[in-house]
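# Geometric and topological summary
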Amino acid sequence: MFKKVLIANRGEIAVRIARACREMGVRAVAVYSDVDRASLHVRLADEAYPIGPAPSRESYLVIEKILGVARYAGCDAVHPGYGFLAENPALARACVGAGITFIGPSAAAMEQLGSKTAARHIARDVGAPTVPGTLDPIDNADEAAKIAREIGFPVILKAVAGGGGKGMRSVASEGELASAWRDAASEAQNAFGDARLYMEKYLERPRHIEIQVLADHHGHFVYLGERECSVQRRHQKVIEEAPSPIMTPELRKAMGEAAVKLARAGNYTNAGTVEFLVDAQRNFYFLEMNTRLQVEHPVTEMVTSLDLVKLQMRIAAGEPLPFGQEEIALRGHAVECRIYAEDPDNNFFPSPGKIVDCRVPSGPGIRLDEGIYAGWTVPNEYDPMLGKLIAWGGDRQEALARMGRALEEYYASGIKTNVSLFRRILSSSDFQRGAIYTRWLDDFLSAETAAKSRDGGEEQTQAEQAAAIAAFLWHTSHRSGANAPETPAITKSRWKTQSWREQVKREPQP
Ligand code: MV4
């Protein structure tokens, strides 16, 4: 096993990786930008090194700085987490060049499976079902129109270099195609420096279901079941769960075997995720492969009782997978909410700032993968995800009940959070029934807005009222001493009030 691992990331995932290192007796080395000096991942690491200014282009994305620290600190491996450099083959290559192990797939596997069209070719070659469409980039809008007529409208244009829904346009009819082509191509050029597009048949109301795979350096491949990720807003996942409410053992086996075939054909190693769209008849179609550990990996950990980060490290160190496919058993149900510093009442606008006070949920079946603490300031330079709340239960109903209970316990002041959104989603009958699809959350939020304006604007739902009252009661009952709100003036003399004010000013910062 490695002696020292450099964690090339920040926030909750850097904390998550540091925790795995600690449990394995491996030293965890953090890196931090100027605004992350006091971040939790720095505090929980064994060593920490500055890597420059806040903008990630000048810090977390600079391969030379990351490798410079790795060499200086004597690290024998680098874990990239997700985002930043995680899917950049140049980091994997640079690590090899420096004689340091990259905890992830090879640069070549990343390039093959990371390219949308190259991956579609591999999928077709191994017989994994793909959405009907082109396997190669299309030359121009006229060519696109010809292909669309063959496939039949609606179609969807996607960027070859795509990700995060950028450079993607659905096209309902031929009249819309030319402008959709221009928009998608220029968006792809701006986002990825690559304007190339390909085309697929557009599926209405599909589910987004992904398969977790693991592959070691000895030719062993396994799948760890699926994650249902259909609850998304603007291509950002909001809630994920395992297993999917629509899964059957037969479908899981078929999707799992397709995912493993694809990974094997791409010479994949380490942890990876194969994304599929699944239609109402439970037909599944390969979409793309993510060549990294994903944000939502904890729901898989909860239902498999495995630690994916430790397995990533063991695989990278050359150990064979310690189990075969037949030994993997799924137990119970897990759900995850991504908690963000953003304002759900103001179009989910980011709400960075100082966390004055916070209280984290715990108790049976609850896990919190967090990157924050009370007194810390959420920087505005990065994704404002505060952490992930994960609930496990014997079945879906218990997992959702535990999540609902834990959300009621969650409290943070000083910043706005999207916690109220989860309460609303969880109490919706669609979600309770598992009747969700990729645009479900957008439809749900539009319906809410429509209902509110029908009812005359400002009125709160019962759930919102209850949440506001609960938060107020908790807040008032937990203030004490110098932080207590001032009691009516008649009970205090002027000099007492004055000295109390002075004390408040002197209150040391945590
Ligand atoms: C699609 C699709 C419908 N048909 N492809 C969105 C992100 C990217 N990974 C693929 N996406 C989609 N591809 C075909 N052929 C609908 C989506 C899609 C979507 C997928 C998953 C989760 C949320 C989504 C929201 C809008 C569109």
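Let me sum up the structure you'll find in this document. This structure is a prediction, so every number in the text was calculated from the model and none was measured. (Residues numbered from 1 in each chain as written. Predicted model: local features only at pLDDT ≥ 70, side-chain atom pairs only at ≥ 80, totals over all residues. Heavy atoms only, no water.)

### Some details on the overall build of the chain
Going by this rule: Counting from the N terminus, the helices are DSSP H or I runs at least four residues long and the strands are E runs at least two residues long. The rule is simple: take the accessible area with a 1.4 Å probe, protein chains only, and divide by the maximum for that residue type; under 20% is buried, over 50% is exposed, in between is partly exposed. Note on definitions: a residue-residue contact is assigned when non-hydrogen atoms from the two residues lie within 4.5 Å. Working definition of accessibility: Shrake-Rupley area with a 1.4 Å probe, residue cover restricted to the visible protein chains.
Within the chain one finds 17 helices and 22 strands. Within the chain, buried positions represent 53% of all 510 residues. Across the chain, every contact between residues at least 6 apart in sequence was considered, and the portion connecting residues at least 24 apart equals 66%. Total accessible area on the chain stands at roughly 22700 Å², and carbon and sulfur atoms take up 51% of it.

### Structural notes on the packing of helix H6 (residues 116-126) against helix H9 (residues 249-265)
Short version of the rule: Angles shown run from 0 to 180 degrees and are taken between the N-to-C directions of axes, each axis being a line fitted to C-alpha atoms and, for helices, limited to the stretch in contact. Note on convention: the crossing is left-handed when the near helix lies turned anticlockwise from the far helix by less than a right angle, right-handed when the turn is clockwise. Polarity classes work like this: nonpolar for Ala, Val, Leu, Ile, Met, Phe, Trp, Tyr, Cys and Pro, charged for Asp, Glu, Lys and Arg, and polar for all others, with Gly in that last group.
At a closest axis distance of 9 Å, the pairing of H6 and H9 adopts a crossing angle of 115°. For the pair H6 and H9, the crossing hand works out as right-handed. Residues Ala119, Ile122, Ala123 and Val126 of H6 form the contact with H9, whose participating residues are Lys261, Leu262 and Ala265. Residues belonging to the contact of H6 with H9 are distributed by class as follows: six nonpolar, no polar and one charged.

### A short note on the site of the ligand
Filter applied, for reference: A cutoff of 4 Å decides nearness: a residue is near a molecule or strand if any of its heavy atoms lies inside that distance of it. A 3.5 Å cut-off defines polar contacts: any pair of N or O atoms within that distance qualifies, except that in protein one atom must be a possible hydrogen donor and the other a possible acceptor, and neighbouring residues in sequence count only when both atoms are side-chain atoms.
Around the ligand, a shell composed of 17 residues is seen, among which Lys158, Glu200, Lys201, Leu203 and Gln232 lie nearest. The contact in question runs from a nitrogen atom of the ligand to an N or O atom on the side chain of Lys158, over 2.9 Å. Residue Leu203 places a main-chain N or O atom 2.9 Å away from a nitrogen atom belonging to the ligand. In isolation the ligand exposes 520 Å². Once the protein is present, 94% of that is buried. Secondary structure elements with two or more residues in the shell around the ligand: strand S6 (155-159), strand S8 (197-201), strand S12 (270-278) and strand S13 (284-290). Residues that form the shell around the ligand fall into these classes: seven nonpolar, four polar and six charged.

### Re the side chain of Arg396
Summarising the element assignment, Arg396 is placed in helix H12 (residues 396-409). Judged by relative accessible area, which is 14%, Arg396 ranks as buried. At 2.9 Å, the side chain of Arg396 forms a polar contact with the backbone oxygen of Phe431. Those residues in contact with Arg396 that sit more than four places away from it in its chain are Glu241, Pro245, His333, Phe431, Gln432, Arg433 and Gly434.

### Points about the packing of aromatic side chains
The geometry of an aromatic ring pair comes down to the distance between the two centres and the angle between the two planes. Using the following cut-off: Pairing of aromatic rings covers Phe, Tyr and the six-membered ring of Trp, with a centre-to-centre limit of 6.5 Å; geometry is then stacked below 30 degrees between planes, edge-to-face above 60, and tilted otherwise.
As enumerated under the stated definition, the model contains eight aromatic pairs in all. Judged by centre distance (5.1 Å) and plane angle (20°), the ring pair of Tyr60 and Phe84 falls under stacked. Of this pair, Tyr60 sits in the loop between strand S3 (47-50) and helix H3 (63-73) while Phe84 sits in the loop between strand S4 (77-79) and helix H4 (89-98), and the two are 24 residues apart along the sequence. Residue class for Tyr60 comes out buried when judged on its relative accessible area of 0%.

### Things to note about the sheet that holds S6
For the record, the criterion: Strand pairing requires that DSSP identify at least two bridges connecting the strands.
Taken in spatial order, the three strands of this open sheet run S7-S6-S8, and their pairing is antiparallel. The open sheet has two free edges, formed respectively by strand S7 (169-171) and S8, since each of these has just one partner strand. The mean angle between the axes of side-by-side strands here comes to 25°, regardless of whether they run parallel or antiparallel. Pairing geometry for S6 and S7, over three bridges, is antiparallel. Looking across to S7, one finds that Ile156 is bridged to Ser170. This element, helix H7 (residues 141-151), spans S6 and S8 of the sheet and lies at about 15° to S8. Packed onto the sheet, helix H8 (residues 174-192) meets S6, S7 and S8 and runs at close to 170° relative to S7.

### Quick notes on the pattern of salt bridges
For the record, the criterion: One speaks of a salt bridge when a side-chain nitrogen belonging to Lys or Arg is within 4 Å of a carboxyl oxygen belonging to Asp or Glu.
The final tally for this structure, using the stated rule, is 36 salt bridges. A salt bridge links Lys253 to Glu257; its shortest N-O distance comes to 3.3 Å. You can see Lys253 and its partner Glu257 sitting in helix H9, four residues apart, about one turn around the helix. Among the residues examined, Glu257 registers a relative accessible area of 38% and is labelled partly exposed. Overlapping salt bridges, with partners in common, bring together Arg16, Glu23, Glu301, Asp307, Lys310, Arg367 and Asp369 in one network.

### Here's the deal with empty space enclosed by the protein
Note the threshold: In the cavity and pocket records, a cavity denotes points on a 1 Å grid over the protein atoms alone where a 1.4 Å probe fits but cannot get out, a pocket denotes an open set with protein on both sides within 12 Å along at least 5 of 7 lines, and lining residues are residues with an atom within 4 Å of a point. Grid points are joined across faces, edges and corners, and a volume is the space filled by probe spheres set on the points.
Inspection of the entire model under this criterion finds one cavity of 30 Å³ or more. Considering only enclosed or pocket space, the largest cavity measures out at about 50 Å³ in volume. Lining of the largest cavity is provided by 14 residues; of these, Ile103, Gly104, Arg292, Leu293 and Gln312 occupy positions nearest its centre. Residues of the lining of the largest cavity, tallied by class, amount to seven nonpolar, six polar and one charged.

### Digging into the nonpolar core
The following threshold applies: Throughout, nonpolar core names a set of buried Ala, Val, Leu, Ile, Met, Phe, Trp, Tyr and Cys residues whose side chains join them through atoms within 4.5 Å.
Val231, Ile239, Ile425, Phe431 and Trp440 are the most contacted members of the largest nonpolar core, which totals 41 residues. With 32 residues, the next largest nonpolar core counts Ala20, Ala28, Val222 and Val295 among its residues.

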